[in-house]
Amino acid sequence: MTKEECKKVVLDIIADIAPDEDLSNVKPEVRLRDQLQLDSMDFLDIVMELRKRHGIEVPEADYQQLASLDSCADYLTPKFLALAAKG
Amino acid sequence: MNASNHYDVAIIGAGMSGLAAGIRLAHFGKKVCIFERHNAVGGLNSFYSMGGRKFDVGLHALTNFVRPGVKGTPLTKLLRQLRIDRAEFALCEQKQSRVAFGPEGETSLRFTNDFSVFESEIAAQFPEQIDGFRRLVTKVRAFDDVSLDAAPISARAVVREHITDPLLEDMLFCPVMYYGSAQEHDMEFGQFVIMFKALFLEGFARPLDGVRVILRVLLDKYRQAGGERRMKCGVAKIIAHAGRASALILDSDEEITATHVISSIGAPETERLMSSATGKPPLTPGRLSFVETITILNRQPADLGWGGDTIVFFNDSPRFDYECPEEPVDARSGVICIPNNFDYGTDLKLSEGIFRVTCLARYDRWATLPEDAYQAAKRAWFATVQRSARRFVPTVADDALVEATLATDMFTPRTITKFTGHIGGAIYGAPVKHRQGRTELENVYLCGTDQGFLGIIGAMLSGISMANYHILQKS
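Residues numbered from 1 in each chain as written. Chains lettered and ligands numbered in written order. Predicted model: local features only at pLDDT ≥ 70, side-chain atom pairs only at ≥ 80, totals over all residues. Heavy atoms only, no water.

K.L.:
For this particular structure, what's the right way to read the overall build of chain B?
P.N.:
Looking only at helices and strands, chain B features 15 helices and 18 strands. Rg of the C-alpha trace for chain B: 22 Å, near the compact-globule value of 23 Å for 475 residues, within the 12% margin. For chain B, the share of sequence-separated contacts (at least 6 apart) that also reach a separation of at least 24 residues comes to 73%. With an accessible surface of roughly 18,500 Å², chain B has 51% of that area assigned to carbon and sulfur atoms. Counting 53 positive and 55 negative side-chain charges, chain B places the centres of these two groups 5 Å from one another. (Helix = DSSP H or I, 4+ residues; strand = E, 2+ residues; numbered from the N terminus. Rg over C-alpha atoms; globule rule 2.2 N^0.38 Å. Contact = heavy atoms within 4.5 Å. Areas by Shrake-Rupley, 256 points an atom, 1.4 Å probe, with all protein chains shown as cover. Lys, Arg positive; Asp, Glu negative; His and termini not counted. Charge placed at Lys NZ, Arg CZ, Asp CG, Glu CD.)

As structure tokens, then:
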């Protein structure tokens, strides 16, 4: 999985959680909270959808790693790769 | 342990809160079953059929309505958390509602889903109070009403810091109390804030076919997520061992086990299912119950001159007494709902007219009546309630109303207890709420009325919050 694919995974989840948000111009380097109306319930859902759909675990201490699309990609891509290597 | 009768989560009660909790848990892969004693879902917000008609109970209007694009409010959170597209609820907005006080409704404040209407009505009729009212609204907007551990403060005390005219104070409390307060006379300020936002800052809407549209959406989501449901099968007993629920005994005498139990049936009602003697005094059930009269008309209410108002909150007395009455019913105040008066668009309308009136009532005056006396009391109070309410809507001659009436029905506190199991017909539950949903048993949590988020949207958010807080965030 590339970092771009990883960003797509996160955006797909956000699109399902928050269909009322316009995701066509999300800036990868800007905090998601600063450009979308996402609250702590929504972030919890991103974490849980990652687990449900992809088997990726994000411990609570690491939630801040999901702040922007770029930081999501940096944090999650190695987890996806590790999972693929195991599989 | 037999895997087939063990669940990750057992939910007691298939009302709005239990269904919402179930959707969240099933969506995230939990093995969930909802146990419901009645043969219909919905609990306090349900419907029944009689004489070929469907009657809604509970829902007058869905509160907390905001238009598409408004974010961060309870309705938006709910739709996101349950993955519901707002088009599925097909919500239609109210036309106009009023708070009408005085023996003939002399003081009347209109409000719509546009808050500026209410504000300008108060500015026009209470010019000396408007600055205080605006300060109160600022405070309400800034208040964190979903905090799970806020200290309780008196809403009457906070409102009086800003509003000095007792008439306006009562006119603000009347709708807010009638649509959700389990406490007599006063409310906890956090509860006041929830309801004030839900009614005035947000607003009223309704699907054309009423509460069953919302219930159908919830049931579909729950089923699609893989949730199980057992109808006509309540939980008779919670067996406790070492501070935890170790098993549930069903009405059918079957025994099941669950890692977690979420109970939506009320705090005192849940306590009564627990077998453990804690030595503590039992929880106090609520005292506030209601009657509702329903009149079915052979024409649109507008044809009788009742086309203007969606909801009217009324009171005829010098002060508004929100308390359990001495008499079977207190018809001095109440709520009129005319479901035809939502804006369903030009092509759609309800086929018959509906005129509903809700008043405060006393459970024990209804509970013990023999059947024929009960029926006679229903007839007598129906007439009293309807006569009282008609003072607050445009005059219709008695014979014209009789001629237009196709059918009538009425529910009483006794009906509520019979179909929902709520002790004392207490629609809004016990006066003391349990924000964190904890009970005497470590793995049994409350959701719904007695957790303390109010209204229909509040009920669903309560189920969501408790499922998140106690189960999903911890696994």
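Having put the structure on the table, let's press on.
K.L.:
What should I look at first to understand the pattern of salt bridges in this one?
P.N.:
Here the idea is simple: oppositely charged side chains can pair when their charged atoms come close. By the definition in use, this model includes 44 salt bridges over all chains. The partner of Arg83(B) in a salt bridge is Asp45(A), with the nearest N and O atoms 2.7 Å apart. Of the two residues, Arg83(B) is situated in the loop between helix H2 (74-81) and helix H3 (86-89) and Asp45(A) in helix H3 (residues 40-54); the pairing between them involves two chains. Using a relative accessible area of 17% as the deciding quantity, one classes Arg83(B) as buried. Several salt bridges converge on common partners, so that one network encompasses Asp16(A), Asp45(A), Glu49(A), Arg53(A), Arg24(B) and Arg83(B). (Salt bridge = Lys/Arg side-chain N within 4 Å of Asp/Glu carboxyl O. Buried < 20%, exposed > 50% of the residue type's maximum accessible area, 1.4 Å probe, protein only.)

K.L.:
Help me out: how do you make sense of the sheet that holds strand E7 (residues 107-111) of chain B in this one?
P.N.:
One key point about sheets: their strands pair by backbone hydrogen bonds, in either a parallel or an antiparallel sense. All names here are of chain B. In spatial order, the strands read E7-E6-E14-E15-E16-E13-E17; together these 7 strands make up an open sheet with mixed pairing. Pairing within the sheet leaves two strands with one partner each, and these edge strands are E7 and strand E17 (405-411). Sheet twist, expressed as the average angle between the axes of neighbouring strands with direction ignored, equals 20°. Along the sheet, helix H14 (residues 413-420) makes contact with strand E13 (289-297), strand E16 (353-361) and E17, crossing E13 at roughly 100°. (Pairing = 2+ DSSP bridges. Axes fitted to C-alpha atoms, helices over the stretch in contact; angles between N-to-C directions.)

K.L.:
I'm lost on the side chain of Gln96(B) in this one. Help?
P.N.:
Residues and elements named next belong to chain B. Counting through the fold element by element, Gln 96 comes out in the loop between strand E5 (91-93) and strand E6 (97-101). Polar contacts involving the side chain of Gln 96 include one to the side chain of Arg 110, which spans 3.2 Å. Among residues more than four places away in sequence, those in contact with Gln 96 are Arg 110, Phe 111, Thr 112, Gly 308, Asp 309, Thr 310 and Ile 311. (Polar contact = N/O pair within 3.5 Å; in protein donor to acceptor, adjacent residues only side chain to side chain.)

K.L.:
Any chance you could explain the packing of helix H4 (residues 115-125) of chain B against helix H5 (residues 130-142) of chain B here in plain terms?
P.N.:
Relative orientation and spacing of two packed helices are given, respectively, by the angle between their axes and the distance between those axes. Residues and elements named next belong to chain B. Relative orientation of the contacting elements H4 and H5 amounts to 150°, with a least axis distance of 9 Å. Our classification of the angle between H4 and H5 gives roughly antiparallel. In this structure, the crossing between H4 and H5 has a hand that is right-handed. The segment H4 lies against H5, with Phe 115, Phe 118, Glu 119, Ile 122 and Ala 123 engaging Ile 130, Phe 133, Arg 134, Val 137 and Arg 141. (Parallel < 35°, antiparallel > 145°, perpendicular 65-115°, else oblique. Left-handed = near helix turned anticlockwise from the far one by under 90°.)

K.L.:
Teacher, can you tell me more about unusual backbone geometry here?
P.N.:
Glycine aside, residues mostly have negative phi angles, and peptide bonds mostly take the trans form. Residues and elements named next belong to chain B. A positive phi angle is found at Asn 64, which is not glycine, with a value near 65°. With respect to the element layout, Asn 64 can be found in the loop between strand E4 (53-56) and H2. In this model, Asp 253 sits at a positive phi of 75°, which is unusual for a non-glycine residue. Position of Asp 253 relative to the elements: it lies in the loop between strand E11 (244-250) and strand E12 (255-263). Accessibility expressed as a relative area gives 66% for Asp 253, which makes it exposed.

K.L.:
Got a minute to help me understand the interface of chain A and chain B in this structure?
P.N.:
In many reports, interface size means the accessible area that the parts give up when they come together. With 16 residues of chain A in contact, the opposing surface of chain B contributes 16 residues. When chain A packs against chain B, close to 1,500 Å² is buried across both sides, 46% of that on carbon and sulfur atoms. Considering only the side of chain A, the residues that lose the most area to chain B are Asp20(A), Met41(A) and Met48(A), jointly responsible for 33% of the buried surface there. Between chain A and chain B we count 8 salt bridges in total. (Buried area = accessible area lost by both parts, 1.4 Å probe.)

Keep in mind that these numbers describe shape and distance, not what the molecule does.
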